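Listed here are the chains, written in short residue letters.
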Amino acid sequence: MATNQKNKIISSSNFIRAKIEKDISNNLYKNKLWNKIPGNGVHQSNGSLDEAKIRTRFPPEPNGYLHIGHAKSIFLNFGLAKDFSGACHLRFDDTNPEKENQEYVDSIIENVKWLGFNWNFKKEENLYYASNYFDHMYEAAVLLIKSGFAYVDQQNADEIRENRGTLTTPGKDSPWRDHSIEDHLKWFTEMREGKHADGSMVLRAKINMASPNINLRDPAIYRIKKSHHHRTGDAWCIYPMYTFAHPIEDALEGITHSICTLEFEDQRPFYDWLLRRLKENGFFSDPLPKQYEFARLNLTYVVLSKRRLIELVEKKHVSGWDDPRMPTIVGAKRRGYTPSGFKLFTDRIGVSKADSWIDYTILEDCMREVLNESAHRRVAVLDPLKLIINNFSENHEEDCFAPNHPKNKDLGKRTIKLTKELWIDREDFMEEPVAKYFRLSPGAQVRLRYGYVIKCTDFEKDANGKIIKIFCDYLPDTKSGTPGADAIKVKGNIHWLSCKYAVTAKVNLYDRLFKETHPGDNNNYIDDLNPNSLTTKEIKIEENLSKILPGDQYQFERHGYFIADNLSKPDDIVINRTTTLRDSWQ
RNA sequence: UGGGGAGUCGCCAAGCUGGUUAAGGCACAUGGUUUUGAUCCAUGCAUGCGAAGGUUCGAAUCCUUCCUCCCCAGCCA
């Protein structure tokens, strides 16, 4: 494992990485040919040696928005290609027209780019669509029928299910299984010509109805679906199944390592079977792609299934796909999560085949870690309480200097106006301080950050007993940055804002969307929604933030990381809290 | 109960063609620095590798049996 000076993981070893290193050192792809674009064996044989050492792919189905789980796969696939001088293709697996559309394609492209990747290798632009391969797939299917490895089944769905057998009992051969190759060829042609109704026929691979692996009991590979495809329109009325399409897509694109999640493990035998048959037919040639499976990401307090995410949006439990509480990439972006934070996260959690649950706080910590380095500091008061400095004159105005970053002086500093009336955060004052509370309380001294040390002389309550005003004396000669500043030591250090200069803004304070560690484990997951996942309120921010733009990110000192919302405008500032700072107090 | 996977520190995760004291990260603990109770730095943190047997001079690594968890019976991906 490589580490840098700060001992952070740069890239951890995992079984896929190890396999690739081994494959490369065994010269598996030394003679691999590539003819500029995807194509069958004949096409590739006219090409030249593939300059990409390996080829991986990220193959989303455009039927939803990308989420944090996809980020793991994206960093894995694109990261591997980058590390091994290879190419990673972005491929839309659009073989089911009923669920897919262009909106999703667009958002996926944008998300992958946002995470910092592109699909270019040298002069190639490796952006592909499974739907572009429909002709090849049809040809492959015909080849399979001709060699006796596929047949048109005219049983209906129920009959097929019935005859598939169960986990413990073998299936039964379809009565259509042993008709002549000519018949099957004719029927398949008719299927393609639209002569048969949806569901009336299906093309199946002919393997073994008694296989202990159910996926090998003559899986369906082509179905009739008279629906409009978002890219091919009405050109086709039959569409290939994932099982059949995916290996072909990989092979056409010269993929070397086809990385997917664990649930596809059982399908690897079919993946290999299909490609071998097609190689025997001369449709493909070595080296054939190989499939590898890793454990998908599970995050506590988070739901990542597409079905559930869609439901959250459609039933308006959130404001949309980009609601900052959503685990989607667009949601995370709007929340202020960053690509480098995701990179750190994926490096930190690793890749293996063990089912595991990653605690949500790991993700948050990664964002904190990254933002701590980069975010400029500003001051905000989230729960304003007025503080009066007795011994300042009414018109007192004084510049205080605050560095933009405590560790990086190159980032400069800014001025903040100190006046007689200030806003401080309510939690920074206690009428009767608990043990080890070293903020303000009657008689106590604290430092106004970047300003003077003050001493609390009095406070005022309203009729309901709520504290509404704090009175303090400032101690001359204690101003930050002046020679005598440290003469008086104080433990407390609180932030503040001038009432005269502070700007008002709206803030969205987010908490986890679900209140249960594993939403849906004991209830319907909707019942596990956290009713307090969003708190909206008005806050005070420093004058230097008056022109904050959507996407601008800052650390509000002693509070956390914040980002200006997409909809924020200078005269109507809206800020989202990305995450709080770690807080070991209480 | 068929097939395919997985079980190493609170959470991840290397190691698993047997051979020095079982990597590393996160978390946690204790010190130190600090004008963010943040950050940062230092130190500590598995006689143990799901369990029990066995092979061996030597086992997380090999063998046997057992236990637990996940996935598969869509004309979804």
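Values in this document were obtained by computation on a predicted structure and should not be read as measured data.

A.B. asks: So what's going on with the protein's contact with RNA strand B? Which residues, and what values?
C.D. replies: Within the structure, RNA strand B sits among 67 residues, and Arg377, Lys407, Phe438, Arg439 and Ser480 are positioned closest to it. For RNA strand B, the fraction of protein-proximal atoms (within 4 Å) that sit in sugar or phosphate groups is 63%. Separating a phosphate oxygen of RNA strand B from a side-chain N or O atom of Thr95 is a distance of 3.0 Å. A distance of 3.2 Å is found between a phosphate oxygen of RNA strand B and a backbone nitrogen or oxygen belonging to Trp357. For the surface near RNA strand B, the elements supplying multiple residues, two or more each, are helix 6 (157-163), strand 12 (220-224), helix 12 (339-349) and helix 13 (360-374).

A.B. asks: Before we move on, can you summarise the pairing of strand 28 (residues 534-541) with the specific residues and values?
C.D. replies: Sheet faces and side chains relate simply in a regular strand, where the side chains alternate between the two faces. Bridge count for strand 17 (residues 380-381) against strand 28 is two bridges, and the pairing is antiparallel. Residue pairing in the sheet places Val381 in a bridge with Lys540 of strand 28. Where strand 27 (residues 503-510) meets strand 28, eight bridges bridge the pair, whose relative direction is antiparallel. Within strand 28, the residue paired with Val503 across the bridge is Ile541.

A.B. asks: So what about helix 1 (residues 15-25)? Which residues, and what values?
C.D. replies: Along helix 1, the residues classified as buried are Ile16, Arg17, Ile20 and Asp23. Looking straight down helix 1, one finds its buried side chains confined to an arc of 125 degrees; they lie on one side. Facing away from the buried side of helix 1 by more than 90 degrees, the exposed set consists of Lys22 and Ser25. Its side-chain oxygen 2.9 Å from the backbone nitrogen of Ile16, Asn14 forms the N-cap of helix 1. Backbone geometry just downstream of helix 1 places Asn27 in the positive-phi region, at approximately 55 degrees.

Cut-offs and rules
Per chain, residue numbering runs from 1 following the sequence as it is written. Labels are handed out in written order, letters beginning with A for the chains and numbers beginning with 1 for the ligands. Under the rules for a predicted model, residues below a pLDDT of 70 receive no local features and side-chain atom pairs below 80 are neither given nor counted, while totals for whole chains, interfaces and linings still include all residues. Calculated side-chain values reflect all of the structure's heavy atoms, with hydrogen atoms and water omitted. Nearness here has a simple test: a residue counts as near a molecule or strand if at least one of its heavy atoms is within 4 Å of that partner. N or O atoms within 3.5 Å of each other form a polar contact, as long as, within protein, one can give a hydrogen and the other can take it, and as long as residues adjacent in sequence are counted only when both atoms are side-chain atoms. Working definition: helices are DSSP H or I runs of at least four residues, strands are E runs of at least two. Numbering for both runs from the N terminus. In this analysis, strands are considered paired if DSSP registers two or more bridges between them. For each residue, the accessible area found with a 1.4 Å probe, counting protein chains only, is set against the maximum for its type, and the residue is called buried under 20%, exposed over 50%, and partly exposed in between. Throughout, the arc means the angular range of directions from the helix axis out to the C-beta atoms.

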